[in-house]
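Structural overview
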2 protein chains.
Amino acid sequence: MTRKPTDPTRPAAGPRREAADAEGNVRAVDRALAILQSFEEGDAALPLVEIARRAGLHLTTALRLLGTLESHGFVQRGAAGGYALGPQLLALGERFRRSLRLEDQVMPALDRLRSESRESAAFFVREGEQRRCLFRQESPQPVRTVAQVGDVAPLGIGAYGRALVALEAEPRPRLPIVSHGERLPEVVAIAAPVLNGRGAVAGAIGITMPRYRFDPAAEARCLPLVLREAAALTRALGGDPSPILALA
Amino acid sequence: MTRKPTDPTRPAAGPRREAADAEGNVRAVDRALAILQSFEEGDAALPLVEIARRAGLHLTTALRLLGTLESHGFVQRGAAGGYALGPQLLALGERFRRSLRLEDQVMPALDRLRSESRESAAFFVREGEQRRCLFRQESPQPVRTVAQVGDVAPLGIGAYGRALVALEAEPRPRLPIVSHGERLPEVVAIAAPVLNGRGAVAGAIGITMPRYRFDPAAEARCLPLVLREAAALTRALGGDPSPILALA
DNA sequence: CAAGTGACTTCCATCCTACGGAAGAGAAGG
DNA sequence: CCTTCTCTTCCGTAGGATGGAAGTCACTTG
């Protein structure tokens, strides 16, 4: 018999996270990946003890796993003597993103959106019952960054989240979708779906801005922009934008 | 018996890579990371057999490790039934990059370089005896992309590679450094070092263009741009740009 | 200055887990 | 139908990962 989901003999106390191992997984790898995922936004270099605590691992175990991760460049030792995420992750992350072959089409569209709206533009894709930010261009204005590349958010809420399911929702919403503080307070987002060559939803493109900058003038300026780029990007991906334009 | 570097009984032919395990590493983790690294540029989804061959692993072993990697989102199964890199890598790669806290300063500088030069701009950091591309803004012109975020290249060669060591080279080179087809044929690059608040080299910033676009007019336009942004970025990082300007 | 504290590292015997052989399932092709 | 190929499940074994204990080092406290 193999690993039970709940093991009462586990180190206990209160490790923040737990290596939520699935049945049949390789434990050592589960734990190593749990270590990587124990790094949170803004953590520069974490001391060994902290990593072990977060991942719920024995000190020795964490040390050994970190050594292995380090020798592959997945973590690196900080100058002040802790462990930080390593550069190999950047290389693989970009490789993942390029494997989707969206960058060449999406980035120019985001560039146009940003320069014409002077707001942050982003592109999300659906990932099961979530969505993930794949690309982003920051507003040239000194605004708060609310989202980050690689982040996940729920489907069905927020402009991007609703845009991704817009073509299967009943009743069909008008496009582009505008959300006022729907997921994040004080934030307005405008988004529309993008189709690929097979007519499926490839993602959602749009712009995000602080609410105080969203007035009727901004609305009149930005909505057509988003719609235009959603259609342009759909064409660039070999798709037919008419299902999108039909809801405009 | 364990795996020798060369094992005649291996699945045949030539496994392209080998899990170059270091002493004291956790084997299962070594192998899992080797699987991740066996994905190359342009590989969309690899069949299990191919992954096992590249990583030099038994089929069963590769399958089990892939299962574990999949349950953490480090790989995902393609529609056509193979394995591809997973979205979790993007999240962690970006987290790594943000942990360096350079993005807010570097990206605006790259934006300016790109929009004023209409060429691709990039920022490299030193990583031991190599350098790695951390940020990049693509030229608006339809040019060939030569480098990618996350890529590594050697130090000491190419404009960026020489800029990173410019302040310790003898004799000191003039800045910015210009390379004509030095590392990549048909490519011209212009780069200069960037200093941080402690006076150390934080990285190198510059632009890259196809050789045919580099004429005296382009040179007169671009060199000051790179120098200006190297100094501006140095100031933005709290450093003193005078060592850079002294070599201009 | 010595004792104490806390983070990190090394060592090693034990037990359990990852391993890979073998065989089954499933699809594609002849 | 049989062959061939890729992928998957199963299970006994052995070698590897584990974690306790003790050692090192730097820094603080009495």
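Residues numbered from 1 in each chain as written. Chains lettered and ligands numbered in written order. Predicted model: local features only at pLDDT ≥ 70, side-chain atom pairs only at ≥ 80, totals over all residues. Heavy atoms only, no water.

**Overview of the relation of the copies chain A and chain B**
With an RMSD of 0.1 Å, the operation that places chain A on chain B is a rotation of 180° combined with a shift of 0.0 Å along the axis. Considering both components of the superposition, the chain copies are consistent with a two-fold axis. Most of the interface of chain A is mirrored in chain B: 98% of its interface residues are interface residues there too. (Least-squares fit on C-alpha atoms with pLDDT ≥ 70 in both. Contact = heavy atoms within 4.5 Å.)

**Describing the domain arrangement of chain A**
According to the domain assignment, chain A contains domain 1 (27-88) and domain 2 (100-245). Here domain 1 of chain A and domain 2 of chain A have C-alpha centroids that lie 35 Å from each other. (Domains from an automatic or database assignment.)

**Considerations on the interface of chain A and chain B**
Of the residues lining the interface, 52 residues belong to chain A; the matching set on chain B comes to 51 residues. Of the roughly 4,500 Å² buried where chain A meets chain B, counting both sides, 60% is carbon and sulfur surface. Broken down residue by residue, the surface that chain A buries against chain B is led by A:Leu90, A:Phe96 and A:Arg98, which jointly contribute 14%. Along the contact surface separating chain A from chain B lie six salt bridges. (Buried area = accessible area lost by both parts, 1.4 Å probe. Salt bridge = Lys/Arg side-chain N within 4 Å of Asp/Glu carboxyl O.)

**Overview of the protein's contact with DNA strand C**
The local shell around DNA strand C holds 19 residues, among which A:Arg27, A:Val49, A:Arg77, B:Thr61 and B:Arg64 are the closest. For DNA strand C, the fraction of atoms within 4 Å of the protein that belong to sugar or phosphate moieties is 71%. Residue A:Leu48 places a main-chain N or O atom 3.1 Å away from a phosphate oxygen belonging to DNA strand C. A:Arg77 places a side-chain nitrogen or oxygen 2.8 Å from a phosphate oxygen of DNA strand C. (Near = heavy atom within 4 Å. Polar contact = N/O pair within 3.5 Å; in protein donor to acceptor, adjacent residues only side chain to side chain.)

**Here's the deal with the sheet that holds strand S8 (residues 201-210) of chain B**
Residue and element names in this part refer to chain B. Here six strands make up an open sheet; going across it, the order is S5-S4-S3-S8-S7-S6 and the pairing antiparallel. Two strands lie at the open edges of the sheet, namely strand S5 (152-154) and strand S6 (177-180), each paired on one side alone. Ignoring which end each strand starts from, the neighbouring axes of this sheet average 30° apart. Across seven bridges, the pairing between strand S3 (residues 120-127) and strand S4 (residues 130-137) is antiparallel. (Pairing = 2+ DSSP bridges. Helix = DSSP H or I, 4+ residues; strand = E, 2+ residues; numbered from the N terminus. Axes fitted to C-alpha atoms, helices over the stretch in contact; angles between N-to-C directions.)

**A short note on the pattern of salt bridges**
Going through the model one piece at a time under the given rule, you end up with 35 salt bridges over all chains. A salt bridge links A:Glu94 to A:Arg97; the nearest nitrogen and oxygen atoms lie 3.0 Å apart. Placement of the pair is A:Glu94 and A:Arg97 together in helix H4 (residues 87-99), with a separation of three residues, close to one helical turn. For A:Arg98, the salt bridge is made with B:Glu41, and the minimal N-O distance between the two is 2.5 Å. Pair noted here: A:Arg98 is in helix H4 and B:Glu41 is in the loop between helix H1 (27-37) and helix H2 (48-55), and the two residues belong to different chains. By relative accessible area, A:Arg98 is classed as buried at 12%. On the accessibility criterion, B:Glu41 (43% relative accessible area) is partly exposed. (Buried < 20%, exposed > 50% of the residue type's maximum accessible area, 1.4 Å probe, protein only.)

**Points about the packing of aromatic side chains**
Counted according to the given criterion, the structure contains four aromatic pairs over all chains. A ring pair is formed by B:Phe123 and B:Phe135, whose centres lie 6.2 Å apart and whose planes are at 45°; its orientation type is tilted. Of this pair, B:Phe123 sits in strand S3 while B:Phe135 sits in strand S4; the two residues are 12 residues apart in sequence, bridging distant segments of the chain. Residue classification places B:Phe123 among the buried positions, given a relative accessible area of 0%. Measuring from ring centre to ring centre gives 4.6 Å for B:Phe124 and B:Tyr160, while their planes differ by 35°; the resulting arrangement is tilted. In this pair, B:Phe124 sits in strand S3 while B:Tyr160 sits in helix H6 (residues 159-163), placing the two residues 36 residues apart along the sequence. The positively charged end of A:Arg131 is found above the aromatic ring belonging to A:Phe124, 4.9 Å away from the centroid. (Phe/Tyr/Trp six-rings, centres within 6.5 Å; stacked < 30°, edge-to-face > 60°. Lys NZ or Arg CZ within 6 Å of the ring centre and 35° of its normal.)

**Some details on H1(B)**
In terms of burial, H1(B) is largely enclosed, as nine of its 11 residues are buried. Among the residues of H1(B), B:Val29, B:Asp30, B:Arg31, B:Ala32, B:Leu33, B:Ala34, B:Ile35, B:Leu36 and B:Gln37 are the ones counted as buried.

**Some thoughts on the side chain of A:Gln141**
All names here are of chain A. Along the polypeptide, Gln141 turns up in the loop between strand S4 (130-137) and strand S5 (152-154). A polar atom in the side chain of Gln141 sits 2.7 Å from the backbone oxygen of Arg118. Excluding its chain neighbours within four sequence positions, the residues that come into contact with Gln141 are Arg118, Glu119 and Arg213.

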